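Structural overview
Chain residues, written in single-letter form:
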Number of protein chains: 2
Amino acid sequence: MIVRYGEIGTKSRQTRKWFESILINNIREALVSESIDYKSVFAKHGRIIVKTNRAKESIDVLKRVFGIVSLSPAMEIDAELEKINKTALKLFRKKKRELNLEKPKFRVTARRITKEFPLKSPEIQAKVGEYILKNDEAEVDLKNYDIEVGVELMEGKAYIFVDKIKAWGGLPIGTQGKVVALLSGGIDSPVAAFLMMKRGCEVIPVHIYMGEKTLEKVRKIWNQLKKYHYGGKADLIVIKPKEREKIIEKLKGLKKENYTCVFCKFMMVKNADKIAREFGAKGIVMGDSLGQVASQTLENMYIVSQASDLPIYRPLIGMDKEEIVEIAKKIGTFELSTLPEDEVPFIPKHPVIRGSWEEFKKLYREIFGEEPKKRGC
Amino acid sequence: MIVRYGEIGTKSRQTRKWFESILINNIREALVSESIDYKSVFAKHGRIIVKTNRAKESIDVLKRVFGIVSLSPAMEIDAELEKINKTALKLFRKKKRELNLEKPKFRVTARRITKEFPLKSPEIQAKVGEYILKNDEAEVDLKNYDIEVGVELMEGKAYIFVDKIKAWGGLPIGTQGKVVALLSGGIDSPVAAFLMMKRGCEVIPVHIYMGEKTLEKVRKIWNQLKKYHYGGKADLIVIKPKEREKIIEKLKGLKKENYTCVFCKFMMVKNADKIAREFGAKGIVMGDSLGQVASQTLENMYIVSQASDLPIYRPLIGMDKEEIVEIAKKIGTFELSTLPEDEVPFIPKHPVIRGSWEEFKKLYREIFGEEPKKRGC
């Protein structure tokens, strides 16, 4: 299997070595945890080679390893023209049957990663192309081809392939440190966590307990997200907030139930903040999308953000619901997010839409007898 | 022109009225500023009607008004079956020529927004379909059709159309308040600003002066972004930071040039914070994408975030460069972002990759003789 990675390549040589080693480690972890046998995984000349006889299954797994841009199941043979021709023809025919085409258009793309091989790339392409034309129904078309036969030569070996499978891209998990992600059980928060994973973060998932039904749902969601988290270690952390009853009581007494949601989110972030420090996470991830619900306003997010001095990352902030749902379906969390939840009895009829920080502070004092303050203040 | 909007529809009746009025206002502003004549713009039964004889030009403009999901240039006629048939056939033929198809597959989709019309939707569809079949080469196919003839009936009028143009969606600018967006002249920051506009924010663009060439470029970029900012008023604000020389000097003296970039960004946010308060903006927008460059780390973003208590919105945080570039090309800022810039003489060879907040505070004291502190602390 030829594994191609993107952005890593653009980094300094030293960073790149480090990225490669983490990516290789994540690939190994992925294959092992899905119990797919492999002989070896190693980096060579800007690509990673995975030696395995279980190409098909490994594709499904490696597609979910971030940092990988594309995958090509390839045959490794000695770099001799005759062998290359035969193998290329064999794979070409396999692909032709697969597409069941009478007379497919094709092209050959050769690259010499190392230069020992006597022929230059264009010559190799010509030779292999001729050989296929001579032995099968086909026609060369460099632009609109049905089949592309790839030939990569390095260190006396040739790698022949006819498939190039697109993966998620992103950065290897672990290269960007840790963040805490709040998982509510809704559609959005898992997508937000996913996108931070994709950019190389190890995600520590935190769920604020609402009830058993919701908890079970969130566990299912996290188990699905884990399939993209190879290299990350975290298990779901569930927090039962002690202060909740107290807050709800007091707000009711003050006839300020409309602030319940803002307080609830504020306390979530406060809890996430605690966890973040314990585990050395450098940020908090939330699924906010601006204006999606009446209460997801700049004003309310301002208040909630005051609960921690850690940056709050909101990868969905600029997305429409439609776009979020699309990702949720792709990554397999959508169906899970639509499973039944526990009724939340204390949701107010009219949550405050543009909460006031001054008002919030006043209420906070009433409830806790002190100003809300974040670390480092 | 029938204008369809999405998420707005899902809000409470009252909020919805408010959204509609803002969207209508933005549509008017768009048409006026592009000097496209129109008779009237009004909301009716969950859609907006724009009466104009300049459908073609108005499409290009309205596609850039956020909150709009799709557009259909339509003929408005009295709701009488014969007229509907004739108009439907006429538009069908026009579309047929446009696609130049011998015998197109088509379907008719009718909706009664208000119910005065005697026939029910399925009956209308049948009648109109028959009429087209009787008078032209065509064949009905409800699944794989080349042409869809739309018929919408409301208040004695019928609206006939054969096109449905997709727009950006999002929320009308002005519905979500104001944010300050830092524009650097690079590829990312304009895309970040664009996405916040798309979610209904009025964006106040702030550029920290680097030189005339870069400023020129940023002006071009903002002029392009303005084409998506109908309803927003802001002009580019340019700030010449006084402290820069001092900081650079001191850091050089302290042999801590590696912190130059972090300081530079910190001061940018400090300046953005000032502007935000003057203009009542509730957040700051930045184009950070995690790990894109070695210095865009969680650690450095933590430090930078300490410059303001306002939430910093980073809509690109979870995106790969490739995805960002794709949007930049769509919205027409990419080419502008690749125009030449002023050389920045003080960029260090090795910017700190994981800056330490403690170290930063120490340096800040050395330079300014006081702790860095944010408002509200």
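It should be emphasised that the depicted structure is a prediction, and the values quoted were computed from it without experimental measurement.

Another aspect to go through is the interface of chain B and chain A. On the side of chain A, 46 residues touch chain B, which itself brings 46 residues to the contact. Carbon and sulfur atoms supply 53% of the area that chain B and chain A bury against each other, a total of about 3,500 Å² over both sides. Between K282 of chain B and E299 of chain A there is a salt bridge whose closest N-O contact spans 4.0 Å. Our count for the contact surface shared by chain B and chain A stands at 18 residue pairs in polar contact (both at pLDDT 80 or more). Taken together, the elements giving at least two residues each to the side of chain B that touches chain A come down to β11 (178–182), α5 (188–198), α9 (298–305), β15 (312–313) and α10 (321–331) of chain B. For the side of chain B that touches chain A, a count of residues per class yields 20 nonpolar, twelve polar and 14 charged.

What follows concerns the nonpolar core. Core analysis: the largest hydrophobic core is formed by 72 residues, its most contacted members being L182, F263 and F360 of chain A together with L182, F263 and F360 of chain B. In this view, F263 of chain A contacts I247, L251, F360, L363, Y364 and I367 of chain A; residues no more than four positions away in its chain are not counted.

Pairing between sheet strands relies on hydrogen bonds along the backbone, with the strands arranged either parallel or antiparallel. Residues and elements named next belong to chain A. Across the sheet, five strands lie side by side as β5-β9-β8-β6-β7; this open sheet has mixed pairing. This sheet does not close on itself; its edge strands, each paired only once, are β5 (75–78) and β7 (139–140). Sheet contacts for helix α4 (residues 121–135): β6 (105–112), β7 and β8 (147–154); angle to β6, the most-contacted strand, approximately 145°.

Attention now moves to the packing of aromatic side chains. In this structure the tally under the stated criterion is 28 aromatic pairs over all chains. Plain terms: the ring middles of F263 of chain A and Y364 of chain A are 6.4 Å apart, the flat faces sit at 10° to each other, and that makes the pair stacked. Of this pair, F263 of chain A sits in helix α8 (residues 260–279) while Y364 of chain A sits in helix α12 (residues 357–368), placing them 101 residues apart in sequence. Like Y364 of chain A, F263 of chain A is buried. Members of the aromatic cluster, each reached through a chain of ring pairs, are F263, F266, Y302, W357, F360, Y364 and F368 of chain A. The ring of Y209 of chain B carries K240 of chain B above its face, with NZ or CZ at 4.1 Å from the centroid. Against the face of F334 of chain B rests K329 of chain B, its NZ or CZ located 4.9 Å from the ring centre.

In terms of domain boundaries, chain A breaks down into domain 1 (1–73), domain 2 (75–162) and domain 3 (178–368). Domain 2 of chain A and domain 3 of chain A are separated by 52 Å when their C-alpha centres are compared.

Residue and element names in this part refer to chain B. Pairing within the open sheet is mixed, and its five strands lie in the order β5-β9-β8-β6-β7. Strands at the two margins of the open sheet, each flanked by one partner only, are β5 (75–78) and β7 (139–140). Two elements, strand β6 (residues 105–112) and strand β8 (residues 147–154), share seven bridges in a ladder whose sense is parallel. Following the sheet pairing, V108 is matched in β8 by V149. Where helix α4 (residues 121–135) meets the sheet, it contacts β6, β7 and β8, and its direction lies at approximately 145° from that of β6.

All names here are of chain A. On the surface, a cluster of nonpolar side chains totalling about 260 Å² of accessible area is made up of L133, V140 and L142. Looking at the element boundaries, V140 is found in strand β7. For V140, a relative accessible area of 43% translates into the label partly exposed.

Bringing the layout of surface pockets into the picture now. Estimated volume of the largest pocket: approximately 1,400 Å³. Lining the largest pocket are 44 residues, and of these E326, I327 and K330 of chain A together with E323 and E326 of chain B lie nearest its centre. Going through the elements one at a time, α5 (188–198) and α10 (321–331) of chain A together with α5 and α10 of chain B are the ones with two or more residues in the lining of the largest pocket. Residue composition of the lining of the largest pocket, by class: 16 nonpolar, eight polar and 20 charged.

Attention now goes to α10 of chain A. Residue and element names in this part refer to chain A. Among all positions of α10, only I324, V325, I327, A328 and I331 are buried. Here the buried residues of α10 occupy an arc of 160° about the axis, which is enough to place them on one side. Seen from the buried face of α10, the exposed residues on the opposite side, beyond 90 degrees, are E322 and K330. Where α10 is buried, its residues meet α5, α6 (212–225) and α11 (334–337).

Two chain copies, one operation linking them: a rotation about an axis together with a shift along it. Between chain B and chain A, which share one sequence, the superposing operator has a rotation angle of 180° and an axial displacement of 0.0 Å; the RMSD is 0.1 Å. Those values place the two copies in the arrangement expected of a two-fold rotation axis. In this assembly, 100% of the residues forming the interface of chain B have copies in chain A that are likewise at the interface, indicating an isologous arrangement.

Conventions used here
- Residues numbered from 1 in each chain as written.
- Chains lettered and ligands numbered in written order.
- Predicted model: local features only at pLDDT ≥ 70, side-chain atom pairs only at ≥ 80, totals over all residues.
- Heavy atoms only, no water.
- Contact = heavy atoms within 4.5 Å.
- Buried area = accessible area lost by both parts, 1.4 Å probe.
- Salt bridge = Lys/Arg side-chain N within 4 Å of Asp/Glu carboxyl O.
- Polar contact = N/O pair within 3.5 Å; in protein donor to acceptor, adjacent residues only side chain to side chain.
- Helix = DSSP H or I, 4+ residues; strand = E, 2+ residues; numbered from the N terminus.
- Nonpolar A, V, L, I, M, F, W, Y, C, P; charged D, E, K, R; others polar.
- Core = buried A, V, L, I, M, F, W, Y, C linked by side-chain atoms within 4.5 Å.
- Buried < 20%, exposed > 50% of the residue type's maximum accessible area, 1.4 Å probe, protein only.
- Pairing = 2+ DSSP bridges.
- Axes fitted to C-alpha atoms, helices over the stretch in contact; angles between N-to-C directions.
- Phe/Tyr/Trp six-rings, centres within 6.5 Å; stacked < 30°, edge-to-face > 60°.
- Lys NZ or Arg CZ within 6 Å of the ring centre and 35° of its normal.
- Domains from an automatic or database assignment.
- Patch = residues over 30% accessible without salt bridge, like charges linked within 9 Å, V, L, I, M, F, W, Y side chains within 5 Å.
- Areas by Shrake-Rupley, 256 points an atom, 1.4 Å probe, with all protein chains shown as cover.
- 1 Å grid on protein atoms, 1.4 Å probe; cavity = no way out; pocket = protein on both sides within 12 Å on 5 of 7 lines; lining within 4 Å.
- Points joined across faces, edges and corners; volume = space filled by probe spheres on them.
- Arc of directions from axis to C-beta.
- Least-squares fit on C-alpha atoms with pLDDT ≥ 70 in both.

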